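Examination of the molecular architecture
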Amino acid sequence: RDQVWVDARAARFGENYVMLIVEDRTESKKLEDTRRDFVANVSHELKTPIGAIGLLAEAIVGAADDPQMVQKFAGSMQKESQRLANLVQELIQLSKVQGAKLGENTVSIDLAAAITDAVERNHLLAEQRNIKVVSAAEPGVKIRGDYEMLTTAIRNLIENAIVYSNPGSQVGVGLREVEGIAEIAITDSGIGIPESEQERIFERFYRVDPSRSRETGGTGLGLSIVKHTALNHGGEVRLFSKVGIGSTFTFRVPIENQES
Ligand code: ADP
């Protein structure tokens, strides 16, 4: 399935000898392709709201003598500019966490506090969608990490659980310690994720249902940010999901006193 890309050069030595230098460029070719795809994806994602804002501005000028229409277009314009702002913010967050090493912001974090903070940051969204977020995290499970990065990742998982659930349902957030690992579990009884998509949803801009994601203000970057944050903290993300039943994402990182 994988192609091998080689860069070959030949040099002649005297009459009878030729030296052939063969270099395996598969990795650098892959990296180059990934970079090119990323730029193409970002451009595409930016173009949509920018185009919409331009059209709405024109519509406002055209409807200047109809205050009701002006208000309607201005409201849509505000939504599009919010989407643009979200996208830029998530791109900045992704560039911060991708391949980053934990630096001077590394502190001891009580995960119960980070969870409470992440739940709080989703308070309005949960209220709007009539979802009850139930958290049962006891203090005392500590890890070393970047508080802001970590809280953002947990917030993203809770946000997804809220967004991809049916109004009136519950989202659970649990915390436990298993064999030196702190495990945060976010469970919803929402739409679930088909098995064939479960690996791909951690890729940048990958969505199972692009129109639903856009409708709810998603950028397609949330889970990439979560995955890279877990990796930065020496951990991983696991997913258990069944279509129509719901999903559980577990965010697992080594507890503090087990680290070197
Ligand atoms: P988005 O901004 O689209 O939510 P994410 O990277 O956070 O981007 O998630 C990628 C995709 O994974 C989503 O578009 C959605 O299809 C799917 N997904 C993520 N979390 C859930 C969940 N809790 N339940 C069902 N689908 C989910």
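Because the structure is a prediction, the values reported are computed rather than measured. (Residues numbered from 1 in each chain as written. Predicted model: local features only at pLDDT ≥ 70, side-chain atom pairs only at ≥ 80, totals over all residues. Heavy atoms only, no water.)

1. Quick look at the nonpolar core
By size, the foremost hydrophobic cluster in this structure holds 37 residues, and its most contacted members are Leu111, Ile184, Phe249 and Phe251. Contributing elements (two or more residues each) for this core: α3 (111–121), α5 (147–163), β6 (170–178), β7 (181–188), α7 (222–232), β8 (236–242) and β9 (246–254). Top contributing element to this core by residue count: α5, with seven residues. Excluding anything up to four places from it in sequence, Leu111 contacts Val141, Ile143, Leu150, Leu175, Ala182 and Ile184. Counting nine residues, the second largest nonpolar core, distinct from the first, contains Val42, Leu87, Val97 and Phe205. (Core = buried A, V, L, I, M, F, W, Y, C linked by side-chain atoms within 4.5 Å. Buried < 20%, exposed > 50% of the residue type's maximum accessible area, 1.4 Å probe, protein only. Helix = DSSP H or I, 4+ residues; strand = E, 2+ residues; numbered from the N terminus. Contact = heavy atoms within 4.5 Å.)

2. Focus on the UniProt feature "domain: Histidine kinase" (unreviewed entry) in the protein
Sites flagged by UniProt as "domain: Histidine kinase" (unreviewed entry) map to residues 41–257. As annotated, residues 41–257 has a helix share of 48% and a strand share of 22%, and its two end C-alpha atoms lie 41 Å apart. (UniProt positions renumbered as here; feature names shortened; annotations may be inferred.)

3. Concerning a nonpolar patch on the surface
Taken together, the side chains of Val4, Val6, Leu20 and Val22 make up a nonpolar region of the molecular surface, amounting to roughly 400 Å² of accessible area. Among the residues examined, Val6 registers a relative accessible area of 52% and is labelled exposed. (Patch = residues over 30% accessible without salt bridge, like charges linked within 9 Å, V, L, I, M, F, W, Y side chains within 5 Å. Areas by Shrake-Rupley, 256 points an atom, 1.4 Å probe, with all protein chains shown as cover. Salt bridge = Lys/Arg side-chain N within 4 Å of Asp/Glu carboxyl O.)

4. Some points on the site of the ligand
The immediate surroundings of the ligand are formed by 20 residues, with Tyr164, Ser213, Thr219, Gly220 and Leu223 found nearest. Residue Gly222 places a main-chain N or O atom 3.3 Å away from an oxygen atom belonging to the ligand. One nitrogen or oxygen atom from the main chain of Leu223 is found 2.8 Å from an oxygen atom belonging to the ligand. Starting from 530 Å² of accessible surface for the ligand in isolation, the protein chains cover 97%. Counting only elements with at least two residues in the shell around the ligand, the list comes to α5, α7 and β9. Class assignment for the residues of the shell around the ligand results in ten nonpolar, eight polar and two charged. (Near = heavy atom within 4 Å. Polar contact = N/O pair within 3.5 Å; in protein donor to acceptor, adjacent residues only side chain to side chain. Nonpolar A, V, L, I, M, F, W, Y, C, P; charged D, E, K, R; others polar.)

5. Quick look at the packing of helix α2 (residues 67–97) against α7
Orientation of α2 relative to α7, taken along the N-to-C sense of each, is 25 degrees, at an axis distance of 9 Å. Classified by the angle between their axes, α2 and α7 sit roughly parallel to one another. Crossing hand, α2 versus α7: left-handed. Residues Glu90, Gln93, Leu94 and Val97 of α2 lie in contact with α7, whose contacting residues are Gly222, Ser224, Ile225, His228, Thr229 and Asn232. Its residues assigned to classes, the contact of α2 with α7 shows three nonpolar, six polar and one charged. (Axes fitted to C-alpha atoms, helices over the stretch in contact; angles between N-to-C directions. Parallel < 35°, antiparallel > 145°, perpendicular 65-115°, else oblique. Left-handed = near helix turned anticlockwise from the far one by under 90°.)

6. Section: the packing of aromatic side chains
Counted under the stated rule, the structure contains two aromatic pairs. Seen from their ring centres, Phe202 and Phe249 are 6.3 Å apart, and the 70 degrees between their planes marks the pair as edge-to-face. Here Phe202 is found in the loop between β7 and α6 (210–215), whereas its partner Phe249 is found in strand β9, with 47 residues between them in sequence. You'll find Phe202 and Phe249 in the same group, each marked buried. (Phe/Tyr/Trp six-rings, centres within 6.5 Å; stacked < 30°, edge-to-face > 60°.)

7. Some words on unusual backbone geometry
Positive phi, close to 55 degrees, is recorded for Asn130, a residue that is not glycine. Mapped onto the fold, Asn130 is located in the loop between α4 (123–128) and β4 (132–136). Classification of Asn130 by relative accessible area gives exposed; the value is 52%. Despite not being glycine, Glu179 shows a phi value in the positive range, around 45 degrees. Along the polypeptide, Glu179 turns up in the loop between β6 and β7.

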